[in-house]
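Letter by letter, the chains look like this.
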Amino acid sequence: MADLYCRVDADVAGRQGVCKASGRCCRFEEYGHRLYVTHAELIYFYATYLQPGINPANNDHEADTAALPRTAGFPLPLYKGDGEFAPGCPWQVQGMCTARDARPLGCRIYFCDADSRGWQGPVYEYWHQQFTAIQARFGIDYGYVEWRHGLSLLRRALADPIAGQAGVATGRDQE
Ligand code: SF4
C-alpha cells in the first residue's frame, strides 16, 4: 500500500494540480462533497494511525468543532460520539491534514483548480482499480464506503472485534 501511494503521489506531482482553498475540501459539508475509500485503504489507515495507543477520539479538532445534531441532514453513520458529529474530516487540525502518510486516494488526487478537472476522473479511476486489485489479491471483500462511515466501522471493530470486522468486510453498518 505504501508503495502504491508513492506511485500515486508521483503521478499526481507530475500533473501540477493547484490547491487554492487551503484545506476547505476536507470540510465536506462546507465544501459540498464526500470522500469515499476502499476497504484496502481503511485497513492501511488502521495499521498506520489506529493501532492501540493511538486514539482518534482524542483528536483536538473534534473538541474545537461545533457539534451538530443527527437531524442536520447527514444520512451516514457518524464518526464522533452518539448523537452528534464533527463536520469535515476528523483528521484535519487547524486546517492541516494530520494523516498525510495514509490519507486516502481521493485526498491525493483532488485539486480544486479548474485545470485539474480534466485529468482527475480518469486518474482516480485508474488508481482506484489498482487498490481494488490489492483487495482481491489479499482476499478482502470489495468495499467502497464514505470516509467517516469507514472510520466508524473501524472504531467499532476496535471496540467489538467480531461485530466490527464483519462490518468492515461487508461495508454495512452494524448497529
Ligand atoms: S485525511 Fe487529510 S487530506 Fe484527507 S480529508 Fe482528512 S484531513 Fe483532508
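Data block above holds the structure.
Only a predicted model underlies this, so the values are computations on that prediction, with no experimental measurement involved.

Caption draft 1: Inspection of the packing of helix α1 (residues 2-13) against helix α6 (residues 117-137) at higher detail. Close contact between α1 and α6 brings their axes to 11 Å; oriented N to C, the two are set at 175°. Relative to α6, α1 is oriented roughly antiparallel. Residues Leu4, Val8 and Asp11 of α1 touch α6, and the partners they reach there are Val123, Trp127, Gln130, Phe131 and Ile134.

Caption draft 2: Main features of α6. Along its 21 residues, α6 runs 31 Å from first to last C-alpha, staying within 8% of the 30 Å computed at 1.5 Å per residue. Of the residues one or two after α6, glycine 139 is the one with positive phi, at around 70°.

Caption draft 3: A look at the site of the ligand. Taken together, Cys26, Leu35, Cys89, Trp91, Gln92, Cys97, Ala99, Arg103 and Cys107 make up the full set of residues adjacent to the ligand. Split into classes, the residues belonging to the shell around the ligand amount to seven nonpolar, one polar and one charged.

Caption draft 4: The arrangement of unusual backbone geometry in detail. Positive phi, close to 55°, is recorded for glutamine 16, a residue that is not glycine. Tracing the backbone shows glutamine 16 in the loop between α1 and α2 (28-31).

Caption draft 5: Representation of the packing of helix α3 (residues 39-49) against α6 within the structure. It is at 8 Å that the axes of α3 and α6 come closest, and there the two elements cross at 75°. Relative to α6, the element α3 is oriented roughly perpendicular. For the pair α3 and α6, the contacting residues are His39, Ala40 and Glu41 in the first and Phe131, Ile134 and Gln135 in the second.

Caption draft 6: Spotlight on the environment of alanine 102. Relative to the assigned elements, alanine 102 resides in the loop between β5 (96-97) and α5 (105-109). Judged by local crowding, alanine 102 falls into the partly exposed class, with 19 C-beta atoms found within 10 Å. Taking the C-alpha atoms as reference points, alanine 102 and methionine 1, 101 residues apart in sequence, are found 9.0 Å from one another. Discounting residues that sit within four places of it in the chain, alanine 102 has contacts with Tyr44, Phe45, Thr48 and Tyr49.

Caption draft 7: A look at the nonpolar core. Among the nonpolar cores identified, the biggest contains 21 residues, and Val37, Leu42 and Trp147 are the most heavily contacted of them. For this core, the secondary-structure elements that each account for two or more residues are α3, α5, α6 and α7 (147-159). The leading source of residues in this core is α3, at five residues. For tryptophan 147, the contacting residues outside a window of four places in its chain are Leu35, Tyr36, Val37, Cys89 and Pro104.

Caption draft 8: Just α1, in detail. Helix length check: α1, at 12 residues, gives a terminal C-alpha distance of 16 Å against a target of 16 Å (1.5 Å per residue), a fit within 8%. Sparse coverage of α1 is indicated by the burial of one of its 12 residues.

Caption draft 9: Quick look at the environment of glycine 106. Structurally, glycine 106 is set in helix α5. What makes glycine 106 partly exposed here is the crowd of 19 C-beta atoms within 10 Å. Separated by 72 residues in sequence, glycine 106 and arginine 34 place their C-alpha atoms 9.6 Å apart. Sequence-distant contacts of glycine 106, that is, excluding residues within four places in its chain, are made with Leu35 and Tyr36.

Thresholds applied
- Residues numbered from 1 in each chain as written.
- Predicted model: local features only at pLDDT ≥ 70, side-chain atom pairs only at ≥ 80, totals over all residues.
- Axes fitted to C-alpha atoms, helices over the stretch in contact; angles between N-to-C directions.
- Helix = DSSP H or I, 4+ residues; strand = E, 2+ residues; numbered from the N terminus.
- Parallel < 35°, antiparallel > 145°, perpendicular 65-115°, else oblique.
- Contact = placed C-beta atoms within 7 Å.
- Expected span 1.5 Å × (residues − 1).
- Near = placed C-beta within 6 Å.
- Nonpolar A, V, L, I, M, F, W, Y, C, P; charged D, E, K, R; others polar.
- Buried ≥ 20, exposed ≤ 12 C-beta atoms within 10 Å, placed from the backbone.
- Core = buried A, V, L, I, M, F, W, Y, C linked by C-beta atoms within 7 Å.

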